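Breakdown of the fold
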Amino acid sequence: MAVQSLLDLLGPEVEDADEETFLLFSQEIPSQNLGFVDARASSLDLTVAGKDYVIHQSPAVLSSNRAGGTTGAVLWKVTPMFADWIASPGNPLWKTGVLAPTSAVIELGCGISGLTGMVLAQSVARYVLTDQPYVSKWIDANLAENAANLSAAGTATTRRRGKAAAATPPSVGNVAFAPLDWELDEVTARLTGSDALKSFDAVVACDCIYNDALIRPLVQTCVDVCKLRRADAGEGPQQPQEPALCIVAQQLRDPEIFEGWIKEFHRHFRTWRMPESHLSDALRGNPGFVIHVGILRTTPLESHY
């Protein structure tokens, strides 16, 4: 199994959330400020995975008092590094076949850029970006601006037989945006945007952990997405049996916020930290950024907090 091959590469499982917090925050973490690429620029020119991208963002929204938060209005530093890493054929997700040209991936809290989706979609069959509805106009603008990079995307076929229905969410190539509020919206198979797809192979969250109040809604949304695969796998012998993988990248800032997240995540997911040996040079060269992967537990661990 591809997932088991990946876990064999990752080494020891995280067994204790408190210990994981101590290990990460006992190292020297250089100041990255809040972690924006450039919070004052209305557009950014980036080169990721060998291709050039123009990313439109909104400093005005970031500095506003919009209800529901504004942190998704600009690009964060970890995103280009994570996008470059996850799209690299040399990373263990590709080497073990956890990610493949047939994969369907959903991203939670994608923000205005859609960058990870645009980069990774060129190698997978389907990528669904999700966030609060207010980011949609910037997502549309960024997908349109970078359409040339996506023109060849979506040529891979999915695991399912038969012709896929047209995507419900508007899309460019095989990248689509769907609004998803972790606190208000229900996770259903309709998020795939296709009648031929009932679940996702992977769920991605990149630098979404900064607010204690959102920890449980975020983790529960990850749980609900991974449960789609379990329901899908139970429909018949032809359905894929591999569990969905949850991939969480973040900048280390507040140990209390991180500890709150790792405890909740670890309660629902068997958890591994991506070893430095399997990270890119950029991620290894920037201390304070970390990637965890999780496999949904059959039964959550008992909560002691």
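Above this text sits the structure in question.
To keep things clear, this report deals only with the structure shown in the data block. Just so it is clear, the structure is predicted and the values come from calculations on it, not from any experiment.

Reading guide: rules and limits
Residues numbered from 1 in each chain as written. Predicted model: local features only at pLDDT ≥ 70, side-chain atom pairs only at ≥ 80, totals over all residues. Heavy atoms only, no water. Phe/Tyr/Trp six-rings, centres within 6.5 Å; stacked < 30°, edge-to-face > 60°. Helix = DSSP H or I, 4+ residues; strand = E, 2+ residues; numbered from the N terminus. Buried < 20%, exposed > 50% of the residue type's maximum accessible area, 1.4 Å probe, protein only. Lys NZ or Arg CZ within 6 Å of the ring centre and 35° of its normal. Salt bridge = Lys/Arg side-chain N within 4 Å of Asp/Glu carboxyl O. 1 Å grid on protein atoms, 1.4 Å probe; cavity = no way out; pocket = protein on both sides within 12 Å on 5 of 7 lines; lining within 4 Å. Points joined across faces, edges and corners; volume = space filled by probe spheres on them. Nonpolar A, V, L, I, M, F, W, Y, C, P; charged D, E, K, R; others polar. Arc of directions from axis to C-beta. Contact = heavy atoms within 4.5 Å.

**Description of the packing of aromatic side chains**
All told, the structure shown has five aromatic pairs when counted by the stated rule. Ring centres of Trp-261 and Phe-265 lie 4.9 Å apart, and the angle between their planes is 25 degrees; this geometry places the pair in the stacked category. Placement of the pair is Trp-261 and Phe-265 together in helix H10 (residues 255-268), with a separation of four residues, close to one helical turn. Side by side, Trp-261 and Phe-265 carry an identical accessibility label, which is buried. Lying over the aromatic face of Trp-138, Lys-137 brings its terminal NZ or CZ to 4.7 Å of the ring centre.

**Structural notes on the pattern of salt bridges**
Across all of its chains, the model carries nine salt bridges by this definition. Between Asp-207 and Arg-253 there is a salt bridge, and its shortest N-O distance comes to 2.9 Å. One end of the pair, Asp-207, is in the loop between strand S7 (202-206) and helix H9 (215-233); the other, Arg-253, is in the loop between strand S8 (245-251) and H10, with 46 residues separating them in the sequence. By relative accessible area, which is 28% here, Arg-253 ends up partly exposed.

**Some thoughts on the layout of surface pockets**
The space that makes up the second largest pocket amounts to roughly 410 Å³. Lining the second largest pocket are 24 residues, and of these Glu-20, Leu-24, Arg-273, Met-274 and Val-290 lie nearest its centre. It is helix H2 (residues 17-25) that provides the largest number of residues to the lining of the second largest pocket, a total of four residues. The residue makeup of the lining of the second largest pocket, split by class, is 13 nonpolar, three polar and eight charged.

**Things to note about helix H1 (residues 2-10)**
Along H1, the residues classified as buried are Ala-2, Val-3, Leu-6, Leu-7 and Leu-10. Buried residues along H1 cover an arc of 135 degrees about the axis, so they all sit on one side. Where H1 is buried, its residues touch helix H5 (92-95), S8, strand S9 (269-273) and strand S10 (289-296). Looking one or two residues beyond H1, the residue adopting positive phi is Gly-11, at roughly 85 degrees.

So yeah, pure geometry; function would need other evidence.
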